[in-house]
Amino acid sequence: MLSVLKVEPLTKAAFKPFGDVIETEGSRHFLINNGSTERFHRLADVDVSAAQGEPIISIFRAQPLPMPFTVKMMERHPLGSQAFISRGEEPFLVLVAPPGDSVNGDQLRLFLTNGRQGVNYSRGVWHHPVLALKPDQEFIIIDRAGEGNNCDEIYFDSGHQTVVEI
Ligand SMILES: NC(=O)N[C@@H](O)C(=O)O
Ligand code: NI
């Protein structure tokens, strides 16, 4: 059986089961620095303290997958959240499924960011590794360093094929 995933626009409400949308639009903010700066405050929480984890900041330089592609696997980070913020105003794809012991193809949700949004996957949320849309697309990553296995992967058999195309 083959199903083609529908691309959804990324909104805070739609993404709530999976984590946070990191954006200025519609976000709480207030003036600081004597009125010269707007602070868009606590857009997401960095949840990495399980098993004495520590928050780290990295940069990913990613290459796009050829489109359309068949979803072969998903991963999750059971010990920490993971945030992706595109360094340029570049949209990217976000493929997620709710936390749980496994992933059914019909639980997959595919979002397209508007170029001014990042995402913070909550701990344990299934997601596809970063899905860049441009060559050498760079992302600022905020996630966990520390002991323990923080990456579970799940591979789909060829029975139910889910295709991503935009
Ligand atoms: N492996 C790694 O650091 N990146 C993945 O977790 C990912 O979500 O891209
Ligand atoms: Ni990840």
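Reading guide: rules and limits
Residues numbered from 1 in each chain as written. Chains lettered and ligands numbered in written order. Predicted model: local features only at pLDDT ≥ 70, side-chain atom pairs only at ≥ 80, totals over all residues. Heavy atoms only, no water. UniProt positions renumbered as here; feature names shortened; annotations may be inferred. Helix = DSSP H or I, 4+ residues; strand = E, 2+ residues; numbered from the N terminus. Polar contact = N/O pair within 3.5 Å; in protein donor to acceptor, adjacent residues only side chain to side chain. Contact = heavy atoms within 4.5 Å. Donors = N, O, S within 2.8 Å, 3.2 Å for Na, K, Ca; no water. Tetrahedral: all angles 85-135°; square planar, octahedral: opposite > 155°, others 65-115°. Buried < 20%, exposed > 50% of the residue type's maximum accessible area, 1.4 Å probe, protein only. Salt bridge = Lys/Arg side-chain N within 4 Å of Asp/Glu carboxyl O. Pairing = 2+ DSSP bridges. Axes fitted to C-alpha atoms, helices over the stretch in contact; angles between N-to-C directions.

The protein chain carries the name Ureidoglycolate lyase in an unreviewed UniProt entry, which gives Amphritea pacifica as its organism. Under the UniProt heading Cofactor (unreviewed entry), the note attached to the protein chain is "Ni(2+)". The UniProt entry for the protein chain carries the following text under Pathway (unreviewed entry): "Nitrogen metabolism; (S)-allantoin degradation."

1. Section: the side chain of Arg76
Along the polypeptide, Arg76 turns up in strand S8 (residues 73–76). Of the polar contacts made by the side chain of Arg76, one reaches the backbone oxygen of Gly100; its length is 2.8 Å. At a separation of 2.8 Å, a polar atom in the side chain of Arg76 contacts the side chain of Asp152. Look past the residues within four positions of Arg76 in its chain and what remains in contact with it is Gly100, Asp101, Gly124, Val125, Trp126, His127, Asn150, Cys151 and Asp152.

2. Section: the coordination of the nickel ion (ligand 2)
Protein-derived ligands of the nickel ion (ligand 2) are Glu75 (OE), His77 (NE2), Gln82 (OE1) and His127 (NE2), with the metal-ligand distances lying across 2.1 to 2.2 Å. Metal-centred angles of 75 to 175° between the 6 donor atoms at the nickel ion (ligand 2) mark the site as octahedral. Considered as a linear motif, the donors of the nickel ion (ligand 2) on their single chain read E-x1-H-x4-Q-x44-H. The class for Gln82 is buried, based on a relative accessible area of 6%.

3. Some remarks on the pattern of salt bridges
A full pass over the atoms with the stated rule returns 9 salt bridges. Of the charged contacts, one joins Arg116 and Glu25 as a salt bridge, the two residues approaching to 2.6 Å between their closest N and O atoms. With Arg116 in the loop between strand S11 (109–112) and strand S12 (118–121) and Glu25 in the loop between strand S3 (19–22) and strand S4 (29–32), this residue pair connects regions lying 91 residues apart in the sequence. Judged by relative accessible area, Arg116 falls into the partly exposed class, the value being 41%. For Lys134, the salt bridge identified is with Glu90, shortest N-O distance 3.0 Å. Here Glu90 lies in the loop between strand S9 (82–86) and strand S10 (93–97) and Lys134 lies in the loop between strand S13 (126–127) and strand S14 (137–145), a separation of 44 residues in the sequence. Residue classification places Lys134 among the partly exposed positions, given a relative accessible area of 44%. Here Glu90 falls in the partly exposed class, since its relative accessible area comes to 25%.

4. Quick look at the sheet that holds S12
What the 5 strands build is an open sheet, ordered S3-S12-S9-S14-S6; its pairing is antiparallel. For this open sheet the edge positions go to S3 and strand S6 (54–62), each flanked by a neighbour on one side alone. Looking at each pair of strands side by side, their axes are set apart by 15° on average, direction ignored. Pairing between S3 and S12: 4 bridges, direction antiparallel. The residue bridging Gly19 from the neighbouring strand is Tyr121, located in S12.

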